[in-house]
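# Structure assessment
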Amino acid sequence: LCEKCNNIHHNYDASKIALKYKDNMSIIKNIRAFTVESGKKSTDYVSQPKGHWITDTLVANPMAIYPEYRGSRNSWGIGILGPVVVEVELENGIIGVGMSTAGPPGCWLIEHHLKQFAIGQNVTNVELIWDQMWRASIGYGRKGITIHAISAIDLAIWDAMGKDAGKPVYELLGGPLRSSLPLYATSPAAASVKKQGFQGVKIPLPYGPASGQDGLQKNVSLFDEVRNSVGDDFDIMIDCYMALSVEYAMQLVRALKPFNIRWLEEPLMPDDYAGYSELKKRLPETFISTGEHEYTRYGFSQLIECGVDILQPDLTWCGGMTEVRRITSMAASRDIPVIPHGSGIYSWHHQVSFPNTPFAEFLMLSPKGDKATPQFGSLFINEPLPENGQLYLSDEPGFGIELNRTTNELHRPFEV
């Protein structure tokens, strides 16, 4: 808007206008990245003590082809990175919190590279900040730890933006489509999960191709027991955790047909797009879900082209809220549901806000998987818990959570 004639000119200097109105904006003052040492309970769902079902229940996994690593996921370091927590501080003193499992390497990237693209920006400039972090790290990033780190920053910005506006994140996303969010539970304790009101259970697959026909028959026996324990009117899903081949997946689906499995989750390695295409061609009536270990809209566009039926991004890994909005819109154009991997409170705000996000996952993190406990352990003081298999979000601003500094030690190992 021209100060002299009060008309709009198209050759304006955007940077000067931004500076003029900067005092009225909520500017990002600082970003801090922390590693976490927890007290009684882990803040990273895969970093559980010996004997916990997450780590020591027999689970088919990519390392199961080696007998010495078959018995426990802890044996090969599933939780080696640990969490990274990010605080985004605004000039008005508001602090937003995000997290991911990027560990010390992610801390280093945030402190030495990524945060420079957010400091000094208006907290609402999520698209600009995300795009600059993505483009600046493309030479060494694209997937993995780098996108984990970007996710943590992005989620912290959304938390700060909500707190600054005095609104929950789901209001910033367009408002809730649902008053409550239906949940299924990931747990080995199927009968207990049903009694608690969840709409279904996802069971980890114990045996993969390396265990041969004997392992296949043991898988069949397990799901026979599970179906008998919950009856015919309860959803059962199978978490294959990247462990199968196309041929084994086909054998498994045929063997488990009597038990009416709702979906087969992540049967192949994440980058095996050709395998997923082949699997859908050969098993057109079987729902295939995947995406837990996929990154950004580029990776998910490939999964869509493969014909997978359900996308499962993890908001703390795939690029945060800014990127999952794009993934969800892209999926909506093909009528594909988006049901994120268990990223807790961050994914729940997303799930109540879009038409193609019908329900959500809840990880049962008690040692036997029979009780609902906070998804991030002791990291936050006020994570919501299910009520009769439903999740009710508060109207607290941001994601409605606060760091618990009493039972968690936060360290800045690479402070700049």
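Each remark here, short or long, concerns the structure printed above.
To keep things clear, this report deals only with the structure shown in the data block. Given the structure is predicted, the values throughout are model-derived calculations rather than measurements.

## Describing the overall build of the protein
A tally of helices and strands in the protein yields 13 helices and 12 strands. For 416 residues, the compact-globule estimate of 2.2 N^0.38 gives 22 Å, and the protein sits close to it at 22 Å. Summarising its shape, the C-alpha atoms of the protein cover approximately 80 × 45 × 40 Å along the three principal directions. Burial analysis of the protein (416 residues in total) assigns 56% to the buried set. Once local pairs closer than 6 in sequence are excluded, the contacts in the protein between residues at least 24 apart make up 70%. Total accessible area computed for the protein in this model is approximately 17600 Å², and 52% of it derives from carbon and sulfur atoms. Across the protein, 37 positive and 47 negative side-chain charges occur, with their mean positions spaced 1 Å apart.

## Observations concerning the packing of helix H11 (residues 296–306) against helix H12 (residues 320–332)
Contact geometry of H11 with H12 gives a least axis separation of 9 Å together with a crossing angle of 20°. Relative to H12, the element H11 is oriented roughly parallel. Considering only the axes of H11 and H12, their crossing is right-handed. Together, Thr-296, Arg-297, Phe-300, Ser-301 and Ile-304 of H11 and Glu-323, Arg-326, Ile-327, Met-330 and Ala-331 of H12 make up the contact between the two elements. When its residues are assigned to classes, the contact of H11 with H12 shows 5 nonpolar, 2 polar and 3 charged.

## Comments concerning unusual backbone geometry
Of note, the phi angle at Met-242 is positive, near 70°, even though the residue is not glycine. Locating Met-242 in the fold gives a position in the loop between strand E6 (235–239) and helix H9 (246–255). Even without glycine at this site, Asn-388 takes up a positive phi of about 55°. Relative to the helices and strands, Asn-388 is located in the loop between strand E10 (360–363) and strand E11 (390–391).

## Here we look at the nonpolar core
Grouped burial of nonpolar side chains is what soluble globular proteins tend to show. Judged by nonpolar contacts, the single largest core of 117 residues is most densely connected at Leu-311 and Tyr-346. No other element matches the 11 residues that helix H5 (residues 145–165) contributes to this core.

## Brief notes about the environment of Met-321
Checked against the element boundaries, Met-321 lands in helix H12. Spatially, the C-alpha atoms of Met-321 and Ile-203 are 27 Å apart, while their sequence positions differ by 118 residues. Residues in contact with Met-321, not counting those within four places in the same chain, are Asp-154, Leu-155, Trp-158, Val-169, Leu-173, Leu-315, Tyr-346, His-350 and Phe-399.

## Some points on helix H3 (residues 103–112)
Three or four residues apart is the spacing at which side chains of an α-helix point the same way, because the helix has 3.6 residues per turn. Turning to H3, its buried residues are Gly-103, Gly-106, Cys-107, Leu-109, Ile-110 and Glu-111. Looking at the buried side of H3, the elements it contacts are strand E1 (28–38), strand E2 (84–90) and H5.

## Regarding H5
Between its first and last C-alpha atoms H5 spans 30 Å; for 21 residues at 1.5 Å apiece the expected length is 30 Å, and the two agree. In terms of residue burial, H5 counts as a mostly covered element, since 18 of its 21 residues are buried. After H5 finishes, the residue Gly-166 shows a positive phi value of roughly 70°.

## Some remarks on the sheet that holds strand E3 (residues 95–100)
With respect to topology, 4 strands assemble into an open sheet ordered E3-E2-E1-E12, the strand pairing being antiparallel. The open sheet has two edge strands, E3 and strand E12 (408–411), and neither has a second partner. On average, each strand axis in the sheet is inclined to that of its neighbour by 35°, with strand direction left out of account. For E2 and E3, the ladder comprises 6 bridges, and the chain directions are antiparallel. Along E3, the bridge assignment pairs Val-84 with Ser-100. The strands touched by H5 are E1, E2 and E3; relative to E3, the strand with the most contacts, the crossing angle is about 150°.

## Things to note about the pairing of strand E4 (residues 181–186)
For E4, the tally of buried residues reaches 6 of 6 residues, placing the bulk of the element in the interior. Both faces of E4 are covered, namely the face carrying Leu-181, Leu-183 and Ala-185 and the face carrying Pro-182, Tyr-184 and Thr-186. Pairing geometry for E4 and E11, over 2 bridges, is antiparallel. By the bridge assignment, Leu-181 is partnered in E11 with Leu-391. As judged from the 4 bridges shared by E4 and E10, these two strands associate in the parallel manner. Following the sheet pairing, Thr-186 is matched in E10 by Leu-363. The sheet contact formed by E4 and strand E5 (residues 200–204) spans 2 bridges and is parallel.

## What about the state of the cysteines?
Structurally, a disulfide amounts to a covalent bond that connects the sulfur atoms of two cysteines. The final tally for this structure, using the stated rule, is 0 disulfides. No disulfide involves Cys-107; its nearest neighbouring cysteine sulfur is the one of Cys-318, lying 20 Å away. Residue Cys-107 is classed as buried on the basis of its relative accessible area of 0%. This cysteine, Cys-306, is not joined by any disulfide, and Cys-240 carries the nearest cysteine sulfur, 17 Å off.

Parameters and conventions
Residues numbered from 1 in each chain as written. Predicted model: local features only at pLDDT ≥ 70, side-chain atom pairs only at ≥ 80, totals over all residues. Heavy atoms only, no water. Helix = DSSP H or I, 4+ residues; strand = E, 2+ residues; numbered from the N terminus. Rg over C-alpha atoms; globule rule 2.2 N^0.38 Å. Buried < 20%, exposed > 50% of the residue type's maximum accessible area, 1.4 Å probe, protein only. Contact = heavy atoms within 4.5 Å. Areas by Shrake-Rupley, 256 points an atom, 1.4 Å probe, with all protein chains shown as cover. Lys, Arg positive; Asp, Glu negative; His and termini not counted. Charge placed at Lys NZ, Arg CZ, Asp CG, Glu CD. Axes fitted to C-alpha atoms, helices over the stretch in contact; angles between N-to-C directions. Parallel < 35°, antiparallel > 145°, perpendicular 65-115°, else oblique. Left-handed = near helix turned anticlockwise from the far one by under 90°. Nonpolar A, V, L, I, M, F, W, Y, C, P; charged D, E, K, R; others polar. Core = buried A, V, L, I, M, F, W, Y, C linked by side-chain atoms within 4.5 Å. Expected span 1.5 Å × (residues − 1). Pairing = 2+ DSSP bridges. Disulfide = S-S within 2.5 Å.

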